[in-house]
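One letter stands for each residue in the lines below.
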Amino acid sequence: MTVAESAPRFLTTLAEPAPVPPLAARARRVGGSPVRDILAVTARPEMINFAGGLPAPELFDREGMAAAFREVLADAPAQALQYSTTEGEPVLRAALAARITARGLPTTPDDLLITTGSQQALSLLATALLEPGDTVLVEDPCYLAALQVFGLAGARVVAVPGDADGVDPAALEEAIRRERPKLLYLVPTFQNPTGRTMPAPRRTAIAAVAARQGLWIVEDDPYGELRYDGEPVPWIAALPGAEDRTVVLGSFSKVMAPGLRLGWLRAPAELRWACTVAKQAADLHTPTLNQLAAARYMDVLDAHVERVRAVYGARRDAMLAGLPAALPPGSQWSRPEGGMFLWVRLPESYDTLALLPRVVEQNVAYVPGAPFYAGAPDPSTLRLCFVTQTPEEIAEGLRRLARGLGG
Ligand code: PMP
């Protein structure tokens, strides 16, 4: 047979390709998100966006950051543009360890793994700790992207009942006995989404339960430095019984800039090592240039955080001042001492997911509360971010919200 004769048959085979193998089960489970679809319009300039968890861009220290990058590229270009170690740049880990120690948690550079945002730390922990089918305990409501990480790892996510102070220790103990979980995931300070902070006695009780029952605690703390009033509360990782079983996650996103994608994980040696191997497989290391620039910038970070705190505190106050007139009678909301979010519960007849399209028509947006719940959702809740807009924009946004809610 000549080449010419064989060609058509070859083409016929190509025209009817066999289907490719399916996605992994964990990827097939990940559906679309109706909330994400509605909120896609919030990028429009006329929109006052209380939905995104975005730091205020006008507060980014452009000049300070530019100076840090310039200096690093001038002084150590061969290092800054080169591959680095998976653990992270020693100079950054040293500066971070000193900062964490000064905040009340004795830490050495070797205790730390630098991650590509603290979001990566969550994925690394899931890889290092979770088999498909393992159980993870969470607060209700819980940070959305943590639910996503645990879901992708094939974990069963179980919500522990709590109150305005966070997870209830007795309910936690009962859930551990019943569910035999691997870990408890908490955002104890200025929680995303509620803004609430777990008081010290509750932290002590949670640490005691974890010690008695044998449980990992993940203490996710991206907001702790953004305190506007009240007194700092000790880290769970610093409490007796919790030291050897608590992983602390931190981030540069809220105090420096999220675009740097810089975070960190502080964990006991064996778990930290497993996370380091998982990170090596994921991305080898976090960008060297960003790490070195951040290490330089840490010299002036305190002054920057001070500026951010003053502005954000005023924005929180502006939102708290505007809420009574904006929300229907009978609404309740949290009064966070720091962070970026507050949590609203409208009267029971309101469904914030169903109302969102009408609210977005008014050029203002919130995140409905339902997706944050691993347990039974409360459809009348919503999350507002108070840091991205000026007080004037916040006041206007709340007037629009009142109109959207039918006020
Ligand atoms: N944890 C919590 C509770 C968060 O709110 C966020 C950011 N929204 C992250 C982790 C991830 O932050 P990053 O990856 O930017 O450090």
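Structure first, text after, so check above.
As a starting point, this report considers the structure included with it. This structure is a prediction, so every number in the text was calculated from the model and none was measured. (Residues numbered from 1 in each chain as written. Predicted model: local features only at pLDDT ≥ 70, side-chain atom pairs only at ≥ 80, totals over all residues. Heavy atoms only, no water.)

**Section: the side chain of Arg316**
Right, on to step 1. When you line up the elements, Arg316 lands in helix α13 (residues 301-326).
Right, on to step 2. Relative accessible area serves as the criterion here: at 6%, Arg316 is assigned to the buried category.
Right, on to step 3. Engagement of the side chain of Arg316 in a polar contact is seen with the backbone oxygen of Pro336, the distance being 2.9 Å.
Right, on to step 4. Those residues in contact with Arg316 that sit more than four places away from it in its chain are Tyr228, Asp229, Pro336, Glu337 and Phe386. (Helix = DSSP H or I, 4+ residues; strand = E, 2+ residues; numbered from the N terminus. Buried < 20%, exposed > 50% of the residue type's maximum accessible area, 1.4 Å probe, protein only. Polar contact = N/O pair within 3.5 Å; in protein donor to acceptor, adjacent residues only side chain to side chain. Contact = heavy atoms within 4.5 Å.)

**A few points about the nonpolar core**
Right, on to step 1. Core analysis: the biggest nonpolar cluster contains 75 residues, and Phe252, Met256, Met319 and Leu384 have the highest contact counts within it.
Right, on to step 2. The leading source of residues in this core is α13, at 9 residues.
Right, on to step 3. Beyond its immediate chain neighbours, meaning those up to four positions away, Leu384 contacts Phe50, Met319, Leu323, Met340, Phe341, Leu342, Val344 and Tyr366.
Right, on to step 4. Core analysis: the second largest hydrophobic core is formed by 27 residues, Leu129, Leu147, Val149 and Cys275 among them. (Core = buried A, V, L, I, M, F, W, Y, C linked by side-chain atoms within 4.5 Å.)

**A closer look at the layout of surface pockets**
One simple way to see leftover space: roll a probe sized like a water molecule over the atoms.
Right, on to step 1. Size it by volume and the largest pocket reaches roughly 1,400 Å³.
Right, on to step 2. In terms of lining, the largest pocket is formed by 45 residues, of which the most central are Arg36, Tyr143, Leu144, Ala145 and Gln148.
Right, on to step 3. Residue assignment for the lining of the largest pocket shows that the elements contributing at least two residues are α3 (34-39), α7 (117-129) and α8 (144-152).
Right, on to step 4. Considering every element that reaches the lining of the largest pocket, the biggest residue donor is α8, with 6 residues.
Right, on to step 5. By residue class, the composition of the lining of the largest pocket is 23 nonpolar, 15 polar and 7 charged.
Right, on to step 6. Residue assignment places the lining of the largest pocket across two domains, with domain 1 (27-60 + 303-404) and domain 2 (64-300) each supplying three or more.
Right, on to step 7. Forming the walls of the second largest pocket are 24 residues, and the residues nearest its centre are Asp163, Ala164, Thr194, Arg196 and Trp343.
Right, on to step 8. Of all the elements in the fold, those that place two or more residues in the lining of the second largest pocket are β5 (162-163), β6 (166-167), β11 (332-333) and β12 (341-345).
Right, on to step 9. The dominant element in the lining of the second largest pocket, judged by the number of residues it contributes, is β12, at 3 residues.
Right, on to step 10. Residue composition of the lining of the second largest pocket, grouped by class: 10 nonpolar, 7 polar and 7 charged.
Right, on to step 11. Split by domain, the lining of the second largest pocket shows at least three residues from each of two domains, domain 1 (27-60 + 303-404) and domain 2 (64-300). (1 Å grid on protein atoms, 1.4 Å probe; cavity = no way out; pocket = protein on both sides within 12 Å on 5 of 7 lines; lining within 4 Å. Points joined across faces, edges and corners; volume = space filled by probe spheres on them. Nonpolar A, V, L, I, M, F, W, Y, C, P; charged D, E, K, R; others polar. Domains from an automatic or database assignment.)

**Notes on the pattern of salt bridges**
Right, on to step 1. Counted under the stated rule, the structure contains 28 salt bridges.
Right, on to step 2. Among the salt bridges present, the one from Glu179 reaches Arg156, with a minimum N-O distance of 2.8 Å. In this pair, Glu179 is assigned in helix α9 (residues 169-179) and Arg156 in strand β4 (residues 156-160), connecting sequence segments 23 residues apart.
Right, on to step 3. Given the relative accessible area of 40%, Arg156 is considered partly exposed.
Right, on to step 4. Arg399 is the salt-bridge partner of Glu396, the closest N and O atoms lying 3.3 Å from each other. Residue Glu396 and its partner Arg399 are both found in helix α15 (residues 391-404); the two are separated by 3 residues, about one turn of the helix.
Right, on to step 5. Put simply, Arg99, Arg103, Asp221, Glu225 and Asp302 are held in one network by salt bridges that share partners. (Salt bridge = Lys/Arg side-chain N within 4 Å of Asp/Glu carboxyl O.)

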